[in-house]
Amino acid sequence: MYKYTEVEEKALLNAGTLGIKRYILSLDNHVSVVEALTAFCKEKNIYAGKISGLGAVNSATFRFLDPATLKYVDKTFEEQMEITNLTGNISEKDGKPYLHLHITASRRDYTCIGGHLLDARINGACELFVEGYLLTSVGRYQDPETGLNLYKF
Ligand code: FE
């Protein structure tokens, strides 16, 4: 029914301190969200964790996986949008931090679009909380049934 990994247990370091690190992060203007966040996770050795944030972008590419065909449909929106919510998790794939991000973004007319985020370009600011679980690394595998990169426990 489910698979899981115990974060607290693995996060207890030898010194008896909890191996969870929390960061408040601000991305530079005009950077790629995925590039910047991946670089940050790499620098801080985060291969399991969570991300939440907000900000503003002028380009965002969404990805939709059609479950019937297992084909990806990507769509880029080139317009100014507020990130009303950016949420995601961090895992490890091919030795690198792997981000799984979802976004909801509001347009000039205050309607929202959203979905699985491939990448976005900051135009304004992007403020995030990143929580990294040290000594924990969660990998991914390609699941043939769903076509998704699922957690490998
Ligand atoms: Fe997704």
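Refer to the structure printed above.
Residues numbered from 1 in each chain as written. Predicted model: local features only at pLDDT ≥ 70, side-chain atom pairs only at ≥ 80, totals over all residues. Heavy atoms only, no water.

Asks: Can you walk me through the coordination of the iron ion in this structure?
Replies: Each pair of donors in an ideal octahedron of six around a metal sits at 90 or 180 degrees, and each pair in an ideal tetrahedron of four sits at 109.5 degrees. All of the protein donors around the iron ion are H100 (NE2), H102 (NE2) and H116 (ND1); their distances to the metal are 2.2 Å. Read N to C, the donor residues that coordinate the iron ion are spaced as H-x1-H-x13-H. Taken as a pair, H102 in strand β5 (residues 96-106) and H116 in strand β6 (residues 112-133) lie far apart in primary sequence, 14 residues in all. (Donors = N, O, S within 2.8 Å, 3.2 Å for Na, K, Ca; no water. Helix = DSSP H or I, 4+ residues; strand = E, 2+ residues; numbered from the N terminus.)

Asks: What is the right way to read the nonpolar core from this model?
Replies: The nonpolar side chains of a soluble globular protein tend to be buried, and buried together. Core analysis: the largest hydrophobic core is formed by 28 residues, its most contacted members being V33, L37, I51, L86, L128 and V130. Listed by contribution, the elements that provide at least two residues to this core are β1 (20-27), α2 (33-43), β2 (49-66), β4 (81-93), β5 and β6. If you tally residues by element for this core, the top one is β6, at 7 residues. Once residues within four sequence positions are removed from consideration, L128 is found in contact with Y23, I24, L25, L27, L37, I51, S52, G53 and L86. (Core = buried A, V, L, I, M, F, W, Y, C linked by side-chain atoms within 4.5 Å. Buried < 20%, exposed > 50% of the residue type's maximum accessible area, 1.4 Å probe, protein only. Contact = heavy atoms within 4.5 Å.)

Asks: Explain the side chain of N149 to me, please; I cannot follow it from the model alone.
Replies: Along the chain, N149 falls in strand β8 (residues 149-152). N149 gets classed as buried once you look at its relative accessible area, which sits at 18%. The residues touching N149, leaving out its near neighbours within four places in the chain, are K93, Y98, R140, Y141 and Q142.

Asks: For this particular structure, what's the right way to read the side chain of T61?
Replies: Positionally, T61 belongs in strand β2. Under the relative-accessibility criterion, T61 is labelled buried at 17%. Among the polar contacts made by the side chain of T61, one reaches the side chain of T76 at a distance of 2.8 Å. (Polar contact = N/O pair within 3.5 Å; in protein donor to acceptor, adjacent residues only side chain to side chain.)

Asks: What is the right way to read the pairing of β5 from this model?
Replies: In the case of a regular strand, side chains alternate between the two sheet surfaces. Bridge count between β4 and β5: 11 bridges; the pairing is antiparallel. Within β5, the residue paired with S91 across the bridge is Y98. In this structure, the hairpin formed by β4 and β5 is closed by a connection of 2 residues, where D94 is found at a positive phi of approximately 55°. The pairing of β5 with β6 spans 5 bridges and is classified as antiparallel. When the bridges of β6 are listed, H102 appears paired with H116. (Pairing = 2+ DSSP bridges.)

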